[in-house]
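Results of the structural survey
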Amino acid sequence: MRRALALVLAGLALVGCSKGSASTSSHIKLTVLAAASLTDVFPKIGAAFTKSHPGVTFTFSFAGTDQLAAQIQQGAPADVFAGASATYGDQLARAHDIGPYKIFCTNRLVLVVPASNPAHIASPAALATKKVKLVIGSESVPVGSYTRTVLDNLNSVYGAGYSDKVLANVVSNEDSVTSILAKVVSGEADAGFVYVTDSLSAGSKVRTFVLPNSAEAVAFYPIAVVAASKAATVAREFVDYVLGPAGQAELKAAGFGPPPPQG
Amino acid sequence: MRRSDRVAALAAGIATAVLFGFVALPILAIFLKVSPSELVSQLGSHVARQALLVSIRSSLIAVAVIVLFGTPAAFILGTKRFRGSRVLTAFLELPLVLPPAVAGIALFAAFGRFGLMGGALRFFGIELPFTQAAVVMALTYVALPFYTRQAVAAFASMDQQLLGASRTLGAGRARTFFRVALPLARQGLSAGAALAWARALGEFGATILFAGSLAGKTQTLPLAIYEQFGAGNLDGALAMSALLVVVSAGLFVGFRLFVRNRGLEPEGAGWGLRSSSTIA
């Protein structure tokens with residue numbers, strides 16, 4: 001018994017030590033909460049940033065922007081917020097959970113089907129005319145709300161009622177754009193609405209249908225330093241880096257559109 | 001009492017208190033964070049009612065399937081020793097240690113459109129992913145070992161001589177199973193079914209992967225809680241969590257009481273039913 005107690009105490013002491021040594025090191029670890037659609041591009045920007053700022057490392061957490069916002073509101077430790085919807089940027093900024101945000105890029109919605117196209121979809125119009133297993137984002141996740149806006153706008157192209165008929169074909173409301181893409185890539189879903197950047201990253205595994213111009217809902221991506229950040233200075237530098245030429249080049253290469261001119 | 005004994009007793013007491021607080025506090029918090037009136041109004045919401053219905057329905061079907069298939073299997077594994085019986089028993093417990101997300105991917109790999117069985121299922125016009133059947137399959141897969149584990153133990157700890165006596169007295173195998181083995185193992189089987197049910201009600205990972213999430217169809221309570229949390233409706237998520245706690249705990253406790261009141265518990269310890277009540 002005594003030996004067991006001693007072991008526990010030794011263990012506690014060890015934990016204490018390791019914690020102490022970590023906090024005294026000069027390394028700075030930035031925790032970045034970013035929209036699921038940034039999963040591929042943000043680690044690249046982070047790696048480039050680390051090259052010019054040695055000692056700074058990143059922990060990325062990618063999820064639906066709604067989940068990220070909920071996490072920040074619940075006090076999740078984070079330094080940078082990069083979402084896929086200005087709505088959540090406004091909401092967080094209003095509650096002073098993040099500092100003032102800037103739009104750092106834009107994205108467009110597209111329709112993707114598996115490369116094998118099991119439902120033989122030839123155009124977005126087909127989503128309303130036959131039984132299709134369609135996967136979209138849930139209403140609270142930006143890609144889901146953009147999808148609903150786009151479908152409404154498409155009523156003017158494909159006829160009134162188009163939106164309702166398409167929504168009746170939805171078999172799952174996913175929590176992030178990455179899970180939509182996964183279900184389309186695997187061929188289990190017949191079609192899904194994702195961002196053009198996701199369709200680019202999936203490459204030849206999907207076929208992409210660009211939506212008519214009149215329907216386009218453009219997604220605006222806000223970025224900001226989290227108010228509770230303990231490394232706000234470095235976080236600020238990273239935000240500027242994303243907004244600067246190097247970050248913008250990476251985003252452009254991934255298919256993101258430039259932010260609108262801000263005045 | 002020696003000093004070292006006192007220290008040990010104190011340490012054990014503290015450990016128990018910490019553990020109890022750690023389990024109880026979050027559950028308590030769920031109920032304290034939402035006012036009762038808010039709780040009621042949130043539970044009246046369309047989303048919550050639909051999700052509760054999907055949860056109850058699919059978990060009941062899953063438990064029925066588990067009991068139907070699990071009982072005979074557990075009887076064989078608990079009472080017969082044959083080559084590979086231990087391996088088989090251990091294998092049935094695998095979903096216990098399998099992360100639910102892995103279970104979901106595995107179900108896709110086996111029963112998805114492009115899964116191993118996809119072609120065969122398609123031949124019969126069956127597509128499982130994103131259906132209510134997929135929800136039931138996910139729940140069944142994950143909850144199954146909670147029943148079989150208890151059931152195997154219950155059958156194994158029966159006094160095997162009673163089965164022999166029944167056979168000598170002229171009862172057939174089937175009669176012996178239904179009239180002797182089942183009543184003897186009943187408590188273990190009930191406890192196992194209750195555990196499996198609770199696990200099925202709480203299933204999340206395998207369901208969201210294999211069955212997706214569609215309100216009124218495949219969205220169970222846990223999935224609805226996740227969605228409401230994401231939508232910024234923390235009160236709604238908490239209310240549904242409270243509901244899930246009440247329903248799971250209620251079913252569980254009710255089941256245990258029912259078993260006790262019906263006199264289904266073993267009358268004497270001499271019947272060797274010890275192991276059946278260890279987990280619950």
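On a predicted model such as this, the values are computed, not experimentally measured, just so you know.

Concerning the overall build of chain A
A tally of helices and strands in chain A yields 11 helices and 9 strands. Each of the 263 residues in chain A was classed as buried or not, and the buried ones make up 49%. Of all intrachain contacts in chain A linking residues separated by at least 6 positions in sequence, the fraction that spans at least 24 positions is 78%. By element, 60% of the accessible surface of chain A is carried by carbon and sulfur atoms, the whole surface being about 11700 Å².

Regarding the overall build of chain B
The helix and strand tally for chain B stands at 13 helices and 0 strands. Ordered by position from the N terminus, the helices and strands of chain B form the series α-α-α-α-α-α-α-α-α-α-α-α-α. Taken along the three principal axes of its C-alpha coordinates, chain B extends 70 × 65 × 35 Å. In chain B, the share of contacts with a sequence separation of at least 24, taken over all contacts with a separation of at least 6, comes to 76%. In the form shown here, chain B has an accessible surface area of approximately 14900 Å², with 70% of it arising from carbon and sulfur atoms. One finds the centroid of the 24 positive side-chain charges in chain B at a distance of 10 Å from the centroid of its 10 negative side-chain charges.

Some remarks on the layout of surface pockets
Residue and element names in this part refer to chain B. Its boundaries defined by the atoms lining it, the largest pocket holds a volume of some 390 Å³. Lining the largest pocket are 17 residues, and of these L92, P95, T140, Y141 and L144 sit closest to its centre. Mapped by element, the contributors of at least two residues to the lining of the largest pocket are α3 (46-79), α4 (85-92), α5 (94-97), α6 (100-111) and α8 (132-156). The greatest single-element share of the lining of the largest pocket, amounting to 6 residues, is contributed by α8. The class makeup of the residues in the lining of the largest pocket is 14 nonpolar, 3 polar and no charged.

Section: the side chain of S199 of chain A
Residue and element names in this part refer to chain A. Of note, S199 is situated in helix α9 (residues 196-202). Residue S199 is classed as buried on the basis of its relative accessible area of 5%. Excluding residues within four positions of it along the chain, S199 makes contact with V110, V112, V194, V206 and T208.

Brief notes about the pattern of salt bridges
On inspection of all chains with the given rule, the structure shows 8 salt bridges over all chains. Between E174 of chain A and K183 of chain A there is a salt bridge, with its nearest N and O atoms 2.9 Å apart. Pair check on accessibility: E174 of chain A and K183 of chain A agree, each one buried. The salt bridge involving D190 of chain A is made with R113 of chain B; its shortest N-O contact spans 2.7 Å. Pair noted here: D190 of chain A is in the loop between α8 (177-185) and β7 (191-195) and R113 of chain B is in the loop between α6 and α7 (118-123), and the two residues belong to different chains. Since its relative accessible area comes to 11%, R113 of chain B is described here as buried. The network of salt bridges with common partners includes K133 and D190 of chain A together with R113, R122 and E127 of chain B.

As for the interface of chain B and chain A
Each partner contributes residues to the interface: chain B has 22 residues there, and chain A has 26 residues. Overall, the association of chain B and chain A removes approximately 2100 Å² of surface from exposure, summing both partners, and the carbon and sulfur fraction of that is 55%. On the chain B side of the contact with chain A, R113, F130 and F229 of chain B bury the most area, a combined 29% of that side's loss. Taken together, the links from chain B to chain A amount to 2 salt bridges. For the pair chain B and chain A, the number of links is 11 residue pairs in polar contact (both at pLDDT 80 or more). When contributions to the side of chain B that touches chain A are tallied by element, the ones reaching two or more residues are α1 (3-33), α11 (205-210) and α12 (221-230) of chain B.

Brief notes about unusual backbone geometry
Residue and element names in this part refer to chain A. Although it is not a glycine, H96 adopts a positive phi angle of roughly 60°. Residue placement: H96 occurs in the loop between α4 (86-94) and β4 (102-114). Look at H120: it is not a glycine, yet its phi comes out positive at around 50°. Mapped onto the elements of the fold, H120 is located in the loop between β4 and α5 (126-129). By relative accessible area, which is 63% here, H120 ends up exposed.

A word on the side chain of Q228 of chain B
Residue and element names in this part refer to chain B. Locating Q228 in the fold gives a position in helix α12. Q228 sits in the buried class, given a relative accessible area of 12%. For Q228, the contacting residues outside a window of four places in its chain are V47, N233, A237 and M240.

Brief notes about empty space enclosed by the protein
All told, the structure shown has 3 cavities of 30 Å³ or more when counted by the stated rule. Space inside the largest cavity adds up to approximately 80 Å³. At the level of secondary structure, the elements contributing two or more residues to the lining of the largest cavity comprise α3 (65-73) and β6 (170-174) of chain A together with α12 of chain B. Top element by residues in the lining of the largest cavity is α12 of chain B. It accounts for 4 residues. In the lining of the largest cavity, the residues fall into 3 nonpolar, 6 polar and 4 charged. What the second largest cavity holds in volume is close to 60 Å³.

Considerations on the nonpolar core
Core analysis: the largest hydrophobic core is formed by 72 residues, its most contacted members being L38, F42, F104, L127, Y221 and F238 of chain A. The element that contributes the greatest number of residues to this core is β4 of chain A, accounting for 7 residues. If you look at the next biggest cluster of nonpolar residues, it comprises 35 residues, including V142, F177, L189 and A193 of chain B.

Quick word on α8 of chain B
Between its terminal C-alpha atoms α8 of chain B stretches 35 Å, which fits the 36 Å expected from 25 residues at 1.5 Å a residue. Maximum bend of α8 of chain B: about 40°, positioned at A143 of chain B, with proline P145 of chain B one to four residues after it.

What about the pairing of β4 of chain A?
Residue and element names in this part refer to chain A. Counting buried positions along β4 yields 11 of 13 residues, so the element is predominantly enclosed. The pairing of β4 with strand β8 (residues 206-210) spans 5 bridges and is classified as antiparallel. Looking across to β8, one finds that L111 is bridged to F209.

Calculation criteria
Residues numbered from 1 in each chain as written. Chains lettered and ligands numbered in written order. Predicted model: local features only at pLDDT ≥ 70, side-chain atom pairs only at ≥ 80, totals over all residues. Heavy atoms only, no water. Helix = DSSP H or I, 4+ residues; strand = E, 2+ residues; numbered from the N terminus. Buried < 20%, exposed > 50% of the residue type's maximum accessible area, 1.4 Å probe, protein only. Contact = heavy atoms within 4.5 Å. Areas by Shrake-Rupley, 256 points an atom, 1.4 Å probe, with all protein chains shown as cover. Lys, Arg positive; Asp, Glu negative; His and termini not counted. Charge placed at Lys NZ, Arg CZ, Asp CG, Glu CD. 1 Å grid on protein atoms, 1.4 Å probe; cavity = no way out; pocket = protein on both sides within 12 Å on 5 of 7 lines; lining within 4 Å. Points joined across faces, edges and corners; volume = space filled by probe spheres on them. Nonpolar A, V, L, I, M, F, W, Y, C, P; charged D, E, K, R; others polar. Salt bridge = Lys/Arg side-chain N within 4 Å of Asp/Glu carboxyl O. Buried area = accessible area lost by both parts, 1.4 Å probe. Polar contact = N/O pair within 3.5 Å; in protein donor to acceptor, adjacent residues only side chain to side chain. Core = buried A, V, L, I, M, F, W, Y, C linked by side-chain atoms within 4.5 Å. Expected span 1.5 Å × (residues − 1). Bend = angle between axes of the 7 residues up to and from the residue. Pairing = 2+ DSSP bridges.

Purely geometric numbers; function is a separate question.
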